[in-house]
Amino acid sequence: QVQLLESGGGSVQAGGSLTLSCAASGQTLSSYIMGWFRQAPGKEREREFVAAISRSAAGTRYADSVKGRFTISRDNFKNTVYLQMNSLKPEDTAVYYCAADQIMRTTAWRSLDFWGQGTQVTVSS
């Protein structure tokens, strides 16, 4: 079992920045592909893929909506994954979740192995 705990959410104005962290316990994160997803207000039944990073951090993927603004990274020694969010927009407002999975099928979020509890990000205009 992997326990994931997100932190770093908050309220910012448009154009601002936040860095989210996802700390793992129970198992080493280096065994998993890690991803960030978000759930927007009024869309409680859907989680949108944001970014993913390979086990060694050699490869990353981003949703088109965040490409060039968000950066995913990981520190396997600290068992932590990060999401640096710059140039935030009101449409980035959501609960952000990190996930750990052996495959990370980003279009099948319900199938992913482990989830954190989420952290709220609110961007005001």
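In this numbering scheme, every chain counts its residues from 1 along its sequence in written order. The predicted nature of this model means local features are confined to residues of pLDDT at least 70 and side-chain atom pairs, given and counted, to a pLDDT of 80 or more, with totals for whole chains, interfaces and linings taken over all residues. Think of the side-chain values as coming from all heavy atoms in the structure, minus any hydrogens and water.

Caption draft 1: Quick peek at the overall build of the chain. Put simply, DSSP H or I for four residues or longer makes a helix, DSSP E for two residues or longer makes a strand, and each gets a number counted from the N terminus. A count of helices and strands for the chain gives zero helices and eleven strands. What you see in the chain, going N to C, is helices and strands ordered as β-β-β-β-β-β-β-β-β-β-β. The C-alpha atoms of the chain give 13 Å as radius of gyration, which agrees with the globular expectation for 125 residues (14 Å, within 12%). If you take every contact in the chain between residues at least 6 apart in sequence, the share linking residues at least 24 apart comes to 58%. Using the Shrake-Rupley algorithm and a 1.4 Å probe, accessible areas are obtained, with residue cover drawn only from the displayed protein chains. When the accessible surface of the chain is summed, it comes to about 6,200 Å², and 50% of that surface belongs to carbon and sulfur atoms. Counted charges follow a simple rule, with Lys and Arg positive, Asp and Glu negative, and His plus the chain ends left uncounted. Lys charges are placed at NZ, Arg charges at CZ, Asp charges at CG and Glu charges at CD. The average position of the 13 basic charges and that of the 10 acidic charges among the side chains of the chain differ by 3 Å. Using C-alpha atoms as the atom set, the radius of gyration is obtained and then compared with a globule rule of 2.2 Å times the number of residues to the power 0.38. Throughout, a residue-residue contact means that at least one pair of heavy atoms, one from each residue, lies within 4.5 Å.

Caption draft 2: Main features of the pairing of strand S1 (residues 3-7). Burial of S1 is one-sided: the residues Leu4 and Glu6 facing one way are buried, the residues Gln3, Leu5 and Ser7 facing the other way are not. Any two strands with at least two DSSP-identified bridges between them are counted as paired. Pairing between S1 and strand S3 (residues 18-25): five bridges, direction antiparallel. Paired with Ser7 across the bridge in S3 is Ser21. With a 1.4 Å probe rolled over the protein chains alone, any residue whose accessible area is under 20% of its type maximum counts as buried; one over 50% counts as exposed, and the rest are partly exposed.

Caption draft 3: Region of interest: unusual backbone geometry. Within the chain, Ala57 stands out as a residue other than glycine whose phi angle is a positive 75 degrees. Note that Ala57 resides in the loop between strand S5 (48-53) and strand S6 (60-62). Residue classification places Ala57 among the partly exposed residues on the basis of a relative accessible area of 34%. Phi is positive for Asn79, close to 55 degrees, though the residue is something other than glycine.

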